[in-house]
Amino acid sequence: MIYHIVKNTDWQNAVQQGIYKPASLSAEGFIHTSKASQVAGVLERYYKHEKDLLLLHIDEHALQSPFTYEFSESVNEEFPHIFGPLNMDAVIKVEPI
């Protein structure tokens, strides 16, 4: 299981479109995700003052886009990245943060 933090409005737009393609996919070529143990740190570093967030629980085995772990020097950890759109059926739970 991997996790992705998303604004509620962005997720609702994705639900209407039937696929999730965040800005990071165009800008960086991948969707940022985290292992369970990394979610709290990501929230603290990047979403400290954000409201109305959701945590997507993603079954990485159900992904249609390529997926791999890559090392992030800024925090000295490997993070999972999805290299393409997120297919909706890979999201098994959506949890308010």
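This structure is a prediction, so every number in the text was calculated from the model and none was measured. (Residues numbered from 1 in each chain as written. Predicted model: local features only at pLDDT ≥ 70, side-chain atom pairs only at ≥ 80, totals over all residues. Heavy atoms only, no water.)

Undergrad: Just checking my understanding: could you explain the sheet that holds strand E1 (residues 2–7) for this structure?
TA: In a beta sheet, neighbouring strands are held together by backbone hydrogen bonds and run either parallel or antiparallel to one another. Strand order in the open sheet made by the 3 strands is E1-E4-E8, with antiparallel pairing throughout. Edge strands, defined here as strands with exactly one partner in the open sheet, are E1 and strand E8 (91–96). Strand after strand, the sheet turns through a mean of 25 degrees between neighbouring axes, direction not considered. On top of the sheet, helix H1 (residues 8–17) reaches E1, strand E4 (53–58) and E8; it is set at about 105 degrees to E1, its chief contact. Contacts from helix H3 (residues 39–46) reach E1 and E4, with the element oriented near 25 degrees to E1. (Pairing = 2+ DSSP bridges. Helix = DSSP H or I, 4+ residues; strand = E, 2+ residues; numbered from the N terminus. Axes fitted to C-alpha atoms, helices over the stretch in contact; angles between N-to-C directions. Contact = heavy atoms within 4.5 Å.)

Undergrad: Mind showing me how you'd approach the side chain of threonine 33 here?
TA: Among the structural elements, threonine 33 can be located in the loop between strand E3 (31–32) and H3. For threonine 33, a relative accessible area of 2% puts it in the buried group. Within the structure, the side chain of threonine 33 is placed 2.6 Å from the backbone oxygen of proline 80, a separation counted as a polar contact. Non-local contacts of threonine 33, meaning those with residues more than four positions away in its chain, are made with Ile2, Tyr3, His4, Ile58, Phe79, Pro80, His81 and Ile82. (Buried < 20%, exposed > 50% of the residue type's maximum accessible area, 1.4 Å probe, protein only. Polar contact = N/O pair within 3.5 Å; in protein donor to acceptor, adjacent residues only side chain to side chain.)

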